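Summary of structural features
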Amino acid sequence: MSEAKKHKVKDIFVEGAIDPTFVSESIAKHATRMDIGAHEIFLGQVRADAIEGRAVVAIEYTAYREMALERMTDIREEAFTRWPEMTCLHVHHSLGSIAAGQLCFMVFASAAHRKQAREAVAWVVDSVKEQLPIFGKEILSDNDHVWKRNA
Amino acid sequence: MKVLLFGLIAEKAGSDHMEIPATSTADLDRQLQDRIRGLKGLSYSIAIDRTIVHGDRALSGSEEIAVLPPFAGG
């Protein structure tokens, strides 16, 4: 990957859930890359947590987009420095209302060999959760809500 | 200056922004706590120009200020 490509600010946000078809299409797009030997994919799904006897039916995600994209650009650059064998990294996060059971987060890395792809995905997932200003309002079955916070 | 509010903080304030003439982040914090009921007991960070800052910082008025509740991505 060229330096110019690494530094480009990419928009990771998608309105609504991530369609499983989008995941399979993302895999298919790499079929022409003969230098890739491993893909590692993390998918986050909205969990129907029980909060005081009420189930989470959806999470409404909002974000401070400009700051989130700046942090994501820094995380991408650091990931390519730490795992130089990684050939590409794709990150998508949902905004808006995502129902329990739907996908809201995807981190997809490809590399020549599995070790670099695996390590990079684990680190990027943690970094996104810790550093990106994304906020989640958990909508409960009785229409009340609580604000989600990452541990 | 325009202060951007997010998530729980925006909900408490009833708006996603406020106009606050603050000279420092400590001054901003005092004014926010006066204007947003229940803010004092909450955990939040202040970002200047899209970077979280700690301690007191002088503000010129040209910065992009945001008040951020705990993150919940993923």
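Look up a bit, the structure's there.
The paragraphs below set out a description of the structure included in this document. Computed from a predicted model, the values in this text were never measured in an experiment. (Residues numbered from 1 in each chain as written. Chains lettered and ligands numbered in written order. Predicted model: local features only at pLDDT ≥ 70, side-chain atom pairs only at ≥ 80, totals over all residues.)

Comments concerning the overall build of chain B
So the rule is basically this: Each helix corresponds to a stretch of at least 4 residues labelled H or I by DSSP, and each strand to a stretch of at least 2 residues labelled E; elements are numbered beginning at the N terminus. The globule rule used for comparison is 2.2 Å times the number of residues to the exponent 0.38, while the radius of gyration itself is calculated over C-alpha atoms. We call a residue exposed when 12 or fewer other C-beta atoms sit within 10 Å of its C-beta, buried when the count reaches 20 or more, and partly exposed for counts in between; the C-beta positions come from the backbone.
Counting secondary structure elements, chain B contains 2 helices and 5 strands. The C-alpha radius of gyration of chain B comes to 11 Å, within 12% of the 11 Å expected for a compact globule of 74 residues. The principal-axis extent of the C-alpha atoms belonging to chain B is close to 30 × 25 × 20 Å. Here chain B, with 74 residues, has 28% of them falling under the buried criterion.

Some words on unusual backbone geometry
Residues and elements named next belong to chain A. Although it is not a glycine, E52 sits at a positive phi angle of roughly 50°. Residue E52 is classed as exposed on the basis of its C-beta count, with 8 C-beta atoms lying within 10 Å. Residues other than glycine seldom take positive phi values, yet N143 does so here, at roughly 75°. Here N143 lies in the loop between strand 7 (134-140) and strand 8 (145-148). The exposure class assigned to N143 is exposed, which follows from the 8 C-beta atoms found within 10 Å.

Topic: the pairing of strand 3 (residues 45-48) of chain B
Residues and elements named next belong to chain B. Selection criterion: In this description, strands pair whenever DSSP reports at least two bridges between them.
Here strand 3 pairs with strand 5 (residues 65-68) via 4 bridges, running antiparallel. Bridge pairing in strand 5 places A47 opposite A66. Note: strand 3 against strand 4 (residues 51-53), 3 bridges, orientation antiparallel. Looking at strand 4, one finds that A47 is bridged to I52. Taking the residues between adjacent antiparallel strands as the criterion, strand 3 and strand 4 are bridged by 2 residues, where D49 takes a positive phi near 50°.

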